[in-house]
Amino acid sequence: MIEFDGVRFTYDGQHFALDGLDLKVPKGEFLCILGSNGSGKSTLAKHINALLIPDEGTVTVDGTDTREQGLRYLIRSTAGMVFQNPDDQIVATLVENDVAFGPENLGLEPAELRARVTEGLKSVGLQGFELRETNALSGGQKQRVAIAGVLAMHPEVLIFDEASAMIDPRGRKGLIKVARALHEAGMTIIMVTHFMEEAALADRVVVMKEGRIVKCGTPAEVLTDASELRDLNLSVPFATELSLSLQNQGLSLGTHLTESELEEDLCSLFSKR
């Protein structure tokens, strides 16, 4: 579905933000990309929908090379992106007009356009918000409107580029709920984040440093390696940190990624005593 082959990219002509990067993302995967500031994770994300073009190597999306200038609109329709700040993505004063903006440029018939707006808003739990003013929405609601606008384009891939960074915990939970539902429906999800609880829900986690992939595996393989995460200036999931602390105090527990898993293990352990 998505393939990076020997990709190198520089903003200033001297330092590589991506340095010989190879990565394949199969259709239907939920991939999380982690890394400290300046690691190259957002640069990677912007290459997927041709906002950035490699200096060396190739990026292909569903078989299409992102260097093909005449096909970049097709690529961006296939791989939609949700940015960190929803205000950078919202273009209309009314919710329904904002969601309609992208598909309207496809020249759709009014009935199809209306159906896509309704479908997009339903997918993010904002039915009935059509006539709301976008500037009166909360940060989390704005982010969901931005997602609805991307979904109205009927993409096959949805990229979240630090999309939860500027919203409150409640908004983050809503965003993750939407991402999981879309993934369960078969969409390919690529999430750039620094929230470990989000990464724990992915199929696969990639960790970047200085434009290279330095660790790749399942959440259980990547996120429970506390010492290596700290070496990479990344936090450890709360449930993992607590699991390790309780193990050090002599409790016979597994190393868990989520609080629900840890709670279940603790209940099981103490019920036997």
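Note that the structure is predicted; figures quoted are calculated from it, not measured. (Residues numbered from 1 in each chain as written. Predicted model: local features only at pLDDT ≥ 70, side-chain atom pairs only at ≥ 80, totals over all residues. Heavy atoms only, no water.)

Novice: Account for the nonpolar core, with residues named and values stated.
Specialist: If you look at the biggest cluster of nonpolar residues, it comprises 47 residues, and the most contacted ones within it are Leu34, Val99, Ile147, Leu158, Phe160 and Leu223. Those residues in contact with leucine 223 that lie beyond four places of it in its chain are Leu34, Met196, Ala199, Ala200, Leu229, Val236, Pro237, Thr240 and Leu257. Ranked by size, the runner-up nonpolar core spans 27 residues in total, among them Leu23, Ile33, Val59 and Ala79. (Core = buried A, V, L, I, M, F, W, Y, C linked by side-chain atoms within 4.5 Å. Buried < 20%, exposed > 50% of the residue type's maximum accessible area, 1.4 Å probe, protein only. Contact = heavy atoms within 4.5 Å.)

Novice: So what's going on with the pairing of strand β3 (residues 30-35)? Residues and values would help.
Specialist: Along any regular strand, the residues point their side chains to alternate faces of the sheet. With six of six residues buried, β3 is to be regarded as a mostly interior element. Residue alternation in β3 divides its side chains into two sets, Phe30, Cys32 and Leu34 and Leu31, Ile33 and Gly35, and both sets are buried. Pairing analysis gives four bridges linking β3 to strand β8 (residues 188-192), with the strands arranged parallel. Each bridged residue has a counterpart across the sheet, and for phenylalanine 30 the counterpart in β8 is isoleucine 189. (Helix = DSSP H or I, 4+ residues; strand = E, 2+ residues; numbered from the N terminus. Pairing = 2+ DSSP bridges.)

Novice: I'd like a description of the pattern of salt bridges, backed by residues and values.
Specialist: This model, assessed by the stated rule, comprises 14 salt bridges. Note that glutamate 3 is salt-bridged to lysine 24, the shortest N-O span being 4.0 Å. Of the two residues, glutamate 3 is situated in strand β1 (residues 2-10) and lysine 24 in strand β2 (residues 16-25); the sequence distance between them amounts to 21 residues. The partner of lysine 215 in a salt bridge is glutamate 228, and the shortest N-O contact between them spans 3.2 Å. You can see lysine 215 sitting in strand β10 (residues 212-217) and its partner glutamate 228 sitting in helix α9 (residues 226-231), a full 13 residues away along the chain. Judged by its relative accessible area of 18%, lysine 215 falls in the buried class. Here the residues in one salt-bridge network are Arg8, Asp19, Glu56 and Arg212, joined through shared partners. (Salt bridge = Lys/Arg side-chain N within 4 Å of Asp/Glu carboxyl O.)

Novice: Before we move on, can you summarise the state of the cysteines with the specific residues and values?
Specialist: One pass over the structure, following the stated rule, counts zero disulfides. Looking at cysteine 32, it has no disulfide partner, and the nearest cysteine sulfur is the one in cysteine 216, 11 Å off. Among the residues examined, cysteine 32 registers a relative accessible area of 0% and is labelled buried. (Disulfide = S-S within 2.5 Å.)

Novice: Explain the sheet that holds β8 residue by residue, including any values.
Specialist: Pairing is mixed across the open sheet formed by six strands, whose spatial order is β6-β7-β8-β3-β9-β10. The open sheet has two edge strands with one neighbour each: β6 (79-82) and β10. On average, adjacent strands in this sheet sit at an angle of 20 degrees to one another, irrespective of strand direction. In the packing of helix α5 (residues 139-151) onto the sheet, the strands contacted are β6 and β7 (157-161), and the crossing angle to β6 comes to about 170 degrees. (Axes fitted to C-alpha atoms, helices over the stretch in contact; angles between N-to-C directions.)

Novice: Describe unusual backbone geometry, listing the residues and the values that go with them.
Specialist: It is generally the case that most residues other than glycine have a negative phi and that most peptide bonds are trans. Phi at aspartate 62 is positive, roughly 55 degrees, even though this residue is not glycine. With respect to the element layout, aspartate 62 can be found in the loop between β4 (56-61) and β5 (64-65). In this structure, glutamate 210 is a non-glycine residue whose phi angle is positive, near 50 degrees. By secondary structure assignment, the location of glutamate 210 is in the loop between β9 (204-209) and β10.

Novice: A description of α5 should follow, citing residues and the corresponding values.
Specialist: With 13 residues, α5 ought to run about 18 Å at 1.5 Å a step, and its terminal C-alpha atoms sit 18 Å apart, in line with that. With eleven of its 13 residues buried, α5 lies for the most part within the structure. Inspection of α5 places Gly140, Gln141, Lys142, Gln143, Val145, Ala146, Ile147, Ala148, Gly149, Val150 and Leu151 among the buried residues, and these make up the whole buried set. (Expected span 1.5 Å × (residues − 1).)

Novice: Break down the layout of surface pockets for me, with residues and values.
Specialist: In this structure, the largest pocket occupies an estimated 550 Å³ of space. Of all the secondary-structure elements, those providing two or more residues to the lining of the largest pocket are α2 (72-78), β6, α3 (95-104) and α5. With four residues, the top contributor of residues to the lining of the largest pocket is α5. Residue composition of the lining of the largest pocket, by class: eleven nonpolar, seven polar and three charged. Approximately 430 Å³ is the volume attributed to the second largest pocket. Every residue lining the second largest pocket is counted, 14 residues in all, and those nearest its centre are Lys173, Glu197, Glu198, Leu201 and Glu259. Ranked by residues supplied to the lining of the second largest pocket, first place goes to helix α6 (residues 169-184) with four residues. (1 Å grid on protein atoms, 1.4 Å probe; cavity = no way out; pocket = protein on both sides within 12 Å on 5 of 7 lines; lining within 4 Å. Points joined across faces, edges and corners; volume = space filled by probe spheres on them. Nonpolar A, V, L, I, M, F, W, Y, C, P; charged D, E, K, R; others polar.)

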